[in-house]
Amino acid sequence: MATNEGAWLTQEAYDRLKKELDHLSGPYRQEIVDRIEQARSEGDLKENGGYHAAREEQGKNEGRINQLTQLLDNAQVGEAPADDGVIEAGMVVTADIAGDEMTFLIGSREVAEDLTGGEDLEVFSERSPMGAAIRGHKVGDELTYQAPNGKDIKVKVLHAKPFHN
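Just so we're clear, the structure is a prediction, and the values are computed from it rather than from any experiment.

(A) Fine view of the side chain of Glu 126. When you line up the elements, Glu 126 lands in the loop between strand S5 (122-124) and helix H5 (129-134). Buried Glu 126, no salt bridge; nearest opposite-charge side chain is Arg 127, N-O distance 5.3 Å. Those residues within four positions of Glu 126 in sequence are excluded, and the remaining contacts are Gly 6, Ala 7, Trp 8, Ala 89, Ile 106, Gly 107, Ser 108, Gly 131, Ala 132 and Arg 135.

Structure representation (structure tokens):
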């Protein structure tokens, strides 16, 4: 599979993030600019806490705008993948990882915010060491991948199903 693919997002996650981006790059961006201008008009900027706080908030906002823009521009949005047992983005996988059973989603962490029922599902990017190692594998497959700390981790795929919110 291509390595330049974007993160997998549900339509709900995409819509929520697009709404956030529209707010941050529109009304909220202007609100920060207005606060900076107000603080600037108060005089000496060296000791103006309101000015420095607004500038810091502006930097954080611009960073989030850039993050969201990149994520949404490259996202794979849509339906869960086929229920063919082949692990790919959009699949919920249960695996025995170094002796511990774990269930997780292959996709974007942004999708986890849309989970219903208070599920606490861990998310692995399809580009993470774990995500990259198990993509393309099927239930019953056993593999070993190298963790970021350099250790070889044994994995046995126990179950894989498409994500449904």
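The rest of the description comes next.
(B) Up close: the pairing of strand S3 (residues 91-97). The element S3 is largely enclosed, with a buried count of six among its seven residues. The sheet contact formed by S3 and strand S7 (residues 152-162) spans seven bridges and is antiparallel. Paired with Thr 94 across the strands is His 159, a residue of S7. Bridge count between S3 and strand S4 (residues 100-106): six bridges; the pairing is antiparallel. By the bridge assignment for S4, Ile 97 is matched with Asp 100. Taking the residues that link successive antiparallel strands as the turn, the S3-S4 hairpin has two residues, and the phi of Ala 98 there is positive, at about 50°.

(C) How the structure looks around unusual backbone geometry. The phi dihedral of Ala 98 falls on the positive side, at around 50°, and the residue is not glycine. The exposed category is assigned to Ala 98, whose relative accessible area is 55%.

(D) Quick look at the pairing of strand S6 (residues 142-146). The alternating pattern of S6 places Leu 143 and Tyr 145 on a buried face, while none of Glu 142, Thr 144 and Gln 146, on the opposite face, is buried. Looking at chain direction, S6 and S7 are connected through five bridges and run antiparallel. For Thr 144, the partnering residue across the bridge sits in S7 and is Lys 154. The hairpin turn running from S6 into S7, its antiparallel successor, is five residues long, and Gly 150 in that turn takes a positive phi close to 90°.

(E) Representation of the sheet that holds S4 within the structure. In spatial order, the strands read S5-S4-S3-S7-S6; together these five strands make up an open sheet with mixed pairing. For this open sheet the edge positions go to S5 and S6, each flanked by a neighbour on one side alone. Sheet twist, expressed as the mean angle between neighbouring strand axes with direction ignored, is 45°. Looking at chain direction, S4 and S5 are connected through three bridges and run parallel. Residue pairing in the sheet places Phe 104 in a bridge with Glu 122 of S5.

Cut-offs applied
Residues numbered from 1 in each chain as written. Predicted model: local features only at pLDDT ≥ 70, side-chain atom pairs only at ≥ 80, totals over all residues. Heavy atoms only, no water. Helix = DSSP H or I, 4+ residues; strand = E, 2+ residues; numbered from the N terminus. Buried < 20%, exposed > 50% of the residue type's maximum accessible area, 1.4 Å probe, protein only. Lys, Arg positive; Asp, Glu negative; His and termini not counted. Salt bridge = Lys/Arg side-chain N within 4 Å of Asp/Glu carboxyl O. Contact = heavy atoms within 4.5 Å. Pairing = 2+ DSSP bridges. Axes fitted to C-alpha atoms, helices over the stretch in contact; angles between N-to-C directions.

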